[in-house]
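What follows is each chain in one-letter form.
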Amino acid sequence: QWYQRRVAITVAGQPGVLQGDNVGFVTFVLFPRHTNPSNRDNTINLIHQFRTYLHYHIKCSKAYLHSRMRSKTSTFLKVLNRAKPEAMTDKDKKYGKRG
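Residues numbered from 1 in each chain as written. Predicted model: local features only at pLDDT ≥ 70, side-chain atom pairs only at ≥ 80, totals over all residues. Heavy atoms only, no water.

K.L.:
I tried to follow a nonpolar patch on the surface on my own but got confused; where do I start?
P.N.:
On the surface, Val26, Phe28, Leu30 and Ile47 cluster together to form a nonpolar patch covering roughly 310 Å² of accessible area. Within the element layout of this structure, Phe28 appears in the loop between strand E2 (24-26) and helix H1 (32-35). By relative accessible area, which is 40% here, Phe28 ends up partly exposed. (Patch = residues over 30% accessible without salt bridge, like charges linked within 9 Å, V, L, I, M, F, W, Y side chains within 5 Å. Areas by Shrake-Rupley, 256 points an atom, 1.4 Å probe, with all protein chains shown as cover. Salt bridge = Lys/Arg side-chain N within 4 Å of Asp/Glu carboxyl O. Helix = DSSP H or I, 4+ residues; strand = E, 2+ residues; numbered from the N terminus. Buried < 20%, exposed > 50% of the residue type's maximum accessible area, 1.4 Å probe, protein only.)

K.L.:
Hey, could you run me through helix H2 (residues 40-82) in this one?
P.N.:
Spacing of three or four residues puts side chains on the same side of an α-helix, whose turn is 3.6 residues. Spanning 43 residues, H2 covers 63 Å between terminal C-alpha atoms, matching the ideal 63 Å at 1.5 Å per step. The sharpest bend along H2 comes to roughly 40°, located at Phe50. (Expected span 1.5 Å × (residues − 1). Bend = angle between axes of the 7 residues up to and from the residue.)

K.L.:
It is not clear to me how the environment of Leu30 should be interpreted in this structure. Could you clarify?
P.N.:
Among the secondary structure elements, Leu30 is positioned in the loop between E2 and H1. Between the C-alpha atom of Leu30 and that of Thr43, which follows or precedes it by 13 residues, the distance is 8.9 Å. Ignoring any residue separated from it by four or fewer positions in sequence, one finds Leu30 in contact with Thr43 and Ile47. (Contact = heavy atoms within 4.5 Å.)

K.L.:
When you look at the side chain of Thr43 in this model, what are you seeing that I'm missing?
P.N.:
By secondary structure assignment, the location of Thr43 is in helix H2. On the basis of relative accessibility, which here comes to 12%, the residue Thr43 falls in the buried class. Apart from residues lying up to four places away in sequence, Thr43 is in contact with Leu30 and His34.

Quick look at the structure:
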């Protein structure tokens, strides 16, 4: 379960628990099948690797958003460059064209 901006029930009374807008909590619910001897090691490994898994996906999402922003910026710059007025040539001046 995911808790945002409020302390998880399981750690609410513990001293030193961080609180604030940038703090979140994830709670794992373990059933007896997760802790039986045949599955125990796998369960421990998955919980232990969750932080790495989460950080990897956050970084991938951030990289994707940055690439989309760079693409949009590039497109906007092309539009702005097309909107620049052309410099007048001698031929334009000769025929009275205004720039």
